[in-house]
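# A structural walkthrough
Listed below, chain by chain, are the residues.
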Amino acid sequence: MIPLENILQSIKHLPPVPTVIQKALSLLMNQEVSASKIVEVIQYDQALTANVLKICNSAYFGLSRKIYSLQEALVRIGNRNMRIVIMASSLMQFYKKAGDGYDLRKGDLWRHSVACGMMSMILGKTISQRTGHAVEDHYLFTTALLHDLGKVVLNEYVKESFEEIVTMVESRKCSFVEAEREIIGMDHAALGARISRMWKFPDRMAEAIAYHHEPESSPEPCSLLYIVHLSDLLCMMMGIGGGVDGLAYRGMDSVLQTYGLAEKDVERCMASLLEEMARVDGFLYDENDVHRNHP
Ligand SMILES: [Fe+2]
Ligand SMILES: [Fe+2]
């Protein structure tokens, strides 16, 4: 087993978060702060600004003409979308580095994360319609986007122990996180929660990340956790960036029942996600990505 200390040490060696991004993330966490205030902060970071504009100009937003400034972007796509785009742009750099250990191709973990972010919004809308209670959780997209953050760090260790984990998953029919715990000593969900706390994200987010594979073990299960869990399962069922661990997760019937979702609702959500994914080139790829043509 790899000493926990070594893994925790790795958190310190995460690619450094530029000050501007750190500041933007903490402002984004505060719902009282307007997107225009956040724009004021990020406009001094060229790479981040360029990325935000690229996403705003992608087919996803379908703008009739190209925009060239953050202020213009804010007017055109609105406060809520702008926050989401800035969050996605800020976190992209972390995810692009990870992947190998989980049998994911370069960029797949990011693709899976963005898909989960989008699926969480689609599910939130569907659940609101089914239950009659609006699911308005400001942290939903971000938590779904971040749920596998721990993989970025564990990746390094999983690579070494990969064969062993896969053998255990297959022979014992256990989940990937259970095998991670036994072989590495920590799973990516627990580690992701630690990192998000280190980044001063709200406790609710860290809890949802910590239990995203085992919502039944959470001391305080809530919609945020259940929707992130369900988004993850659905994306893996659709084969979006699940890697090997996509084969080892358990059912989701009880979560679907909790929200009164039927099979056809799930099918509709999946179809909506596919449609949205086809429009989000700007979220998913940069020039160095290997497989632009992936569905
Ligand atoms: Fe996960
Ligand atoms: Fe996941």
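Source: prediction; values computed, not measured.

Within the protein, the regular secondary structure consists of 15 helices and zero strands. Taking all 295 residues of the protein together, 45% fall into the buried category. Long-range contacts, defined here as pairs at least 24 residues apart, represent 68% of the contacts in the protein between residues at least 6 apart.

Our focus in this paragraph is the packing of helix H10 (residues 188–198) against helix H11 (residues 203–210). Orientation of H10 relative to H11, taken along the N-to-C sense of each, is 165°, at an axis distance of 7 Å. Accordingly, the angle class assigned to the pair H10 and H11 is roughly antiparallel. Considering the relative orientation of H10 and H11, their crossing is right-handed. Contact with H10, carried on its side by Ala 189, Ala 190, Gly 192, Ala 193, Ser 196 and Arg 197, involves Met 205, Ala 206, Ile 209 and Ala 210 of H11 and no other residues of that element. For the contact of H10 with H11, a count of residues per class yields seven nonpolar, two polar and one charged.

Another point: the confidence of the model for the protein. Residues with a pLDDT of 70 or more make up 82% of the protein, whose mean pLDDT is 80. Per-residue pLDDT stays below 50 along residues 290–295; that stretch engages in five contacts with residues further than four places along the chain or on separate chains.

Right, let's get into the packing of helix H8 (residues 149–172) against helix H9 (residues 176–184). Closest axis-to-axis distance for the H8/H9 pair is 9 Å, and the angle between their directions is 110°. Considered as vectors, H8 and H9 are oriented roughly perpendicular to each other. Remark: the crossing between H8 and H9 carries right-handed chirality. On H9, the residues that touch Leu 154, Tyr 157, Val 158, Ser 161, Glu 164, Ile 165, Met 168 and Val 169 of H8 are Phe 176, Ala 179, Glu 180, Glu 182, Ile 183 and Ile 184. Residue classes in the contact of H8 with H9 are distributed as ten nonpolar, one polar and three charged.

Here we come to the nonpolar core. Core analysis: the largest hydrophobic core is formed by 80 residues, its most contacted members being Val 52, Ile 86, Ala 88, Ala 115, Met 119, Leu 145 and Ile 209. Setting aside its immediate chain neighbours within four residues, Ala 115 contacts Cys 235, Ile 240, Gly 241, Leu 273 and Met 277.

Here we take up the environment of Asp 187. Within the element layout of this structure, Asp 187 appears in the loop between H9 and H10. Measuring from C-alpha to C-alpha, the distance between Asp 187 and Lys 151 comes to 8.6 Å, with 36 residues separating the pair along the chain. In contact with Asp 187, not counting residues within four places along its chain, are Val 177, Glu 180 and Arg 181.

The terminal C-alpha atoms of helix H14 (residues 263–278) lie 23 Å apart, and with 16 residues this matches the ideal 22 Å at 1.5 Å per residue to within 8%. By the burial criterion, the buried members of H14 are Cys 269, Leu 273 and Met 277. Viewed along the axis of H14, the buried residues span an arc of 70°, placing them on a single side of the element. Facing away from the buried side of H14 by more than 90 degrees, the exposed set consists of Lys 264, Glu 267, Ala 271, Glu 275 and Ala 278.

Quick notes on the rules
Residues numbered from 1 in each chain as written. Chains lettered and ligands numbered in written order. Predicted model: local features only at pLDDT ≥ 70, side-chain atom pairs only at ≥ 80, totals over all residues. Helix = DSSP H or I, 4+ residues; strand = E, 2+ residues; numbered from the N terminus. Buried ≥ 20, exposed ≤ 12 C-beta atoms within 10 Å, placed from the backbone. Contact = placed C-beta atoms within 7 Å. Axes fitted to C-alpha atoms, helices over the stretch in contact; angles between N-to-C directions. Parallel < 35°, antiparallel > 145°, perpendicular 65-115°, else oblique. Left-handed = near helix turned anticlockwise from the far one by under 90°. Nonpolar A, V, L, I, M, F, W, Y, C, P; charged D, E, K, R; others polar. pLDDT = per-residue confidence, 0-100. Core = buried A, V, L, I, M, F, W, Y, C linked by C-beta atoms within 7 Å. Expected span 1.5 Å × (residues − 1). Arc of directions from axis to C-beta.

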